[in-house]
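# Topology and contacts: notes
The lines below spell out each chain.
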Amino acid sequence: MKQILLVNGSPNRDGNTASALRIMEDVFLAQGLTTAWCQIGRQPVRGCQGCGHCAKNHRCVFPDDVCNDLIAALLQSDAVVIGTPVYFAGPNGALCALLDRVFYATANFGQMLQGKPAAAVATCWRAGATPSIDRINKYFTFAQMPVVSSTYWNGYLGPQDAFGRNVLETLAHNMTKLLGKE
Ligand SMILES: Cc1cc2nc3c(=O)[nH]c(=O)nc-3n(C[C@H](O)[C@H](O)[C@H](O)COP(=O)(O)O)c2cc1C
């Protein structure tokens with residue numbers, strides 16, 4: 001059974017970003033796919049130090065945060081959705097620090113994620129969703145991952161945002177189709 005990895009890049013396990021990912025999860029589960037979650041949470045996340053250790057085994061030299069678990073989960077999954085809260089019109093800094101290491105290890109040194117469909121979702125109070133999505137899409141396009149799209153850019157303002165919900169549901173259906181399930 002095909003598995004979608006849902007990455008919550010917010011420190012809040014049950015905030016707006018989790019809510020956006022759960023909207024998509026409902027579609028995936030209804031279509032017979034399985035999901036796995038990665039929560040960045042509130043533990044410290046290191047930045048990349050450019051040491052090149054990951055060229056050898058595609059794992060980060062620092063074992064003390066979520067990085068290597070996320071690499072393993074990505075390799076095991078057939079597709080990924082990365083969600084972020086918007087912080088000053090960009091993705092959460094901790095998420096970028098983490099993704100620098102994940103994609104350096106798996107895409108710069110090897111093309112281990114090639115062909116896995118991917119999508120970025122950003123939640124915000126008012127503005128900054130599209131530059132945040134663009135930033136995360138840079139990781140996907142570097143890694144030869146097909147970027148899945150919807151009827152609008154994948155911003156979500158919270159549970160009151162019916163339009164955003166519809167965009168995310170369509171995004172999930174489009175990802176499902178790319179996996180050959182619809
Ligand atoms: C440090 C910080 C910066 C933020 N910057 C923005 C911003 O630039 N634009 C915006 O609309 N909301 C901004 N917000 C609000 C969050 O993006 C918004 O509340 C988001 O939905 C939180 O997601 P979460 O509940 O998953 O943590 C900011 C919040 C924080 C904590």
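A brief report on the enclosed structure follows. Residue numbers here run from 1 along each chain, matching the order of that chain's written sequence. This being a predicted model, a pLDDT of at least 70 is required before a residue's local features are given, and a value of 80 or more before pairs of side-chain atoms are given or counted; all residues contribute to the totals for chains, interfaces and linings. Water and hydrogen atoms were dropped before computing side-chain values, which therefore reflect all heavy atoms in the structure.

With that settled, consider the layout of surface pockets. Leftover empty space is mapped by rolling, across the atoms, a probe with the size of a water molecule. In this structure, the largest pocket occupies an estimated 170 Å³ of space. The wall of the largest pocket is formed by 14 residues, among which A129, Y152, W153, G155 and L157 lie closest to the centre. Where helices and strands are cited, they refer to DSSP runs of H or I of at least four residues and of E of at least two residues respectively, numbered from the N terminus. Broken down by secondary-structure element, the contributors of at least two residues to the lining of the largest pocket are α5 (129-142) and α6 (162-178). When residues in the lining of the largest pocket are grouped by element, the largest group, 3 residues, is from α6. In the lining of the largest pocket, the residues fall into 8 nonpolar, 4 polar and 2 charged. The rule is simple: put a 1 Å grid over the protein atoms alone, call a set of points where a 1.4 Å probe fits but cannot get out a cavity, call an open set with protein on both sides within 12 Å along at least five of seven lines a pocket, and count a residue as lining if it has an atom within 4 Å of a point. Grid points are joined across faces, edges and corners, and a volume is the space filled by probe spheres set on the points. Residues are grouped as follows: Ala, Val, Leu, Ile, Met, Phe, Trp, Tyr, Cys and Pro are nonpolar; Asp, Glu, Lys and Arg are charged; every other residue, Gly included, is polar.

Between the rings of Phe, Tyr and Trp (Trp by its six-membered ring), a pair exists once the centres lie within 6.5 Å; its type follows the angle of the planes, with under 30 degrees stacked, over 60 edge-to-face, and the other angles tilted. Applying the stated rule across the entire model yields 5 aromatic pairs. Ring centres 5.2 Å apart and planes at 40° place the aromatic pair F103 and Y139 in the tilted group. Here the residue F103 occupies a position in helix α4 (residues 93-108), and Y139 occupies one in helix α5, the gap between them amounting to 36 residues. Considered together, F103 and Y139 belong to a single accessibility category, that of buried residues. Between Y104 and F109 the ring centres are 5.1 Å apart and the planes differ by 70°, which places this aromatic pair in the edge-to-face class. In this scheme, a residue with accessible area under 20% of its type's maximum is buried, one over 50% is exposed, and one in between is partly exposed, where area comes from a 1.4 Å probe on protein chains only. Residue classification places F109 among the partly exposed positions, given a relative accessible area of 22%. Site record: aromatic cluster; members linked through ring pairs are F103, Y139 and F140. Positioned over the ring face of W125 is R126, at 5.8 Å from the centre of the ring. Consider the ring centre and the ring normal. A charge sits over the ring if Lys NZ or Arg CZ is within 6 Å of that centre and within 35 degrees of that normal.

Let us look at unusual backbone geometry. Backbone geometry follows two general trends: most residues other than glycine have a negative phi, and most peptide bonds adopt the trans configuration. Unlike most non-glycine residues, H58 shows phi in positive territory, near 60°. Relative to the elements of secondary structure, H58 occurs in the loop between α2 (54-57) and α3 (67-76). Positive phi, close to 65°, is recorded for A89, a residue that is not glycine. A relative accessible area of 42% means that A89 is categorised as partly exposed.

Any Lys or Arg side-chain nitrogen found within 4 Å of a carboxyl oxygen on Asp or Glu counts as a salt bridge. Counting across every chain of the model gives 5 salt bridges. With a shortest N-O distance of 3.2 Å, D64 and R46 are connected by a salt bridge. With D64 in the loop between α2 and α3 and R46 in the loop between β2 (34-39) and α2, this pair connects stretches of sequence that are 18 residues apart. As a salt-bridge pair, R101 and D65 come within 2.8 Å of each other at their nearest N and O atoms. Taken as a pair, R101 in helix α4 and D65 in the loop between α2 and α3 lie far apart in primary sequence, 36 residues in all. The two residues R101 and D65 agree in class, both being buried.

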